[in-house]
Amino acid sequence: MLIGEKTRLRLVEEEDLAQLVAWRNEPSIWAGFFNKFPLSLGGQKEWYARLMQDPTRRFFMICTVATGEAIGTIALEALDFANGSVEIGNVLIGQPAYLGAGYAKEAIELLLALCFLRLNLNRVYLHVYADNARAIGLYRAVGFRDEGLLREAYYEGGGYKDGLVLSLLRREYSPREVAA
Ligand SMILES: CC(C)(COP(=O)(O)OP(=O)(O)OC[C@H]1O[C@@H](n2cnc3c(N)ncnc32)[C@H](O)[C@@H]1OP(=O)(O)O)[C@@H](O)C(=O)NCCC(=O)NCCS
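A brief look at the structure comes next. (Residues numbered from 1 in each chain as written. Predicted model: local features only at pLDDT ≥ 70, side-chain atom pairs only at ≥ 80, totals over all residues.)

## Structural notes on the site of the ligand
Logical step 1: Neighbouring residues of the ligand: 20 residues in total, closest Gly-32, Lys-105, Gly-137, Leu-138 and Ala-141.
Logical step 2: Per-element accounting of the shell around the ligand gives the leading share, six residues, to helix H5 (residues 133-141).
Logical step 3: Split by residue class, the shell around the ligand holds 13 nonpolar, five polar and two charged. (Near = placed C-beta within 6 Å. Helix = DSSP H or I, 4+ residues; strand = E, 2+ residues; numbered from the N terminus. Nonpolar A, V, L, I, M, F, W, Y, C, P; charged D, E, K, R; others polar.)

See below:
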């Protein structure tokens, strides 16, 4: 179990899938993601079956330490031990009462500790819409650096949008006192 001061991460279970569908279909959350179609429970079950077979991915539920309630998600994707790299994805806080309260920040810090201090990885990166100021502010706040602009990489809302790649290398990483 990955536990911080107020946030803990656990792996997703089949029982979580209906909650994931509800969160990901919420317009304010969907706007931050790259998928074009809404999610269905049937589709999520197929996704979950593939996830369980895929050693390059780990999908976590962000929970509160206080109550254990699941409030969001975060994932490791494209885990690549040969090159020492991994992508962070699916970062969301789905319970509005917990937005802006530092849970997402601590969830990323817990994953960074896992990546650098346990998995011996060297590079953690992520992709985000270049206009997602809130998410970018969060990633920069935990130490990610801008790596490159993906010009007009995404078509959304009738026009093209830029993407941003951010990354953090192990030598740039300074662990906060969070348990891994
Ligand atoms: C992105 C998201 C997960 C952030 O969640 P959150 O609850 O606001 O995050 P936190 O409270 O943990 O954020 C803390 C840090 O983010 C930064 N931040 C938060 N809101 C910000 C804003 N509006 N602008 C800039 N930076 C911001 C701050 O640096 C803050 O750290 P500080 O309080 O120590 O200064 C949330 O807004 C969300 O679920 N968005 C919809 C889905 C999405 O777009 N996900 C990203 C896909 S790439």
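## Some thoughts on the packing of helix H1 (residues 17-25) against helix H3 (residues 41-52)
Logical step 1: One can describe the packing of H1 onto H3 by two numbers: an axis separation of 9 Å at closest approach and a directional angle of 120°. Of the possible angle classes, the one that applies to H1 and H3 is oblique. For the pair H1 and H3, the crossing hand works out as right-handed. Contact residues: Leu-17, Ala-18, Leu-20 and Val-21 in H1; Leu-41, Gln-44, Lys-45 and Tyr-48 in H3.
Logical step 2: Per-class residue counts for the contact of H1 with H3 are six nonpolar, one polar and one charged. (Axes fitted to C-alpha atoms, helices over the stretch in contact; angles between N-to-C directions. Parallel < 35°, antiparallel > 145°, perpendicular 65-115°, else oblique. Left-handed = near helix turned anticlockwise from the far one by under 90°. Contact = placed C-beta atoms within 7 Å.)

## Here's the deal with H3
Logical step 1: With 12 residues, H3 extends 16 Å from end C-alpha to end C-alpha; this agrees with the ideal 16 Å at 1.5 Å per step.
Logical step 2: When you tally the buried positions in H3, you get one out of 12 residues, a small fraction of the element. (Expected span 1.5 Å × (residues − 1). Buried ≥ 20, exposed ≤ 12 C-beta atoms within 10 Å, placed from the backbone.)

## Thoughts on the nonpolar core
Logical step 1: Among the nonpolar cores identified, the biggest contains 41 residues, and Ile-62, Ile-74, Ile-88, Ala-107, Leu-111, Leu-112 and Val-124 are the most heavily contacted of them.
Logical step 2: For this core, the elements supplying multiple residues, two or more each, are H1, strand E3 (58-64), strand E4 (70-80), strand E5 (85-93), helix H4 (103-118), strand E6 (123-129), H5 and strand E8 (159-169).
Logical step 3: The element contributing the most residues to this core is H4, with 10 residues. (Core = buried A, V, L, I, M, F, W, Y, C linked by C-beta atoms within 7 Å.)

## With respect to the environment of Ala-49
Logical step 1: With respect to the element layout, Ala-49 can be found in helix H3.
Logical step 2: According to the C-beta neighbour criterion, Ala-49 is exposed, with 11 such atoms within 10 Å.

## A closer look at the pairing of E3
Logical step 1: Along E3, five of the seven residues are buried, which leaves the element largely enclosed by surrounding structure.
Logical step 2: Inspection of the sheet shows strand E2 (residues 7-11) paired to E3 by five bridges, in the antiparallel sense. When the sheet's bridge partners are listed, Arg-10 is paired in E3 with Met-61.
Logical step 3: Note that E3 and E4 share six bridges and pair antiparallel. If you follow Arg-58 over to E4, its bridge partner there is Leu-76.
Logical step 4: Counting the residues between successive antiparallel strands, the hairpin from E3 to E4 contains five residues, one of them, Gly-68, with a positive phi of roughly 80°. (Pairing = 2+ DSSP bridges.)

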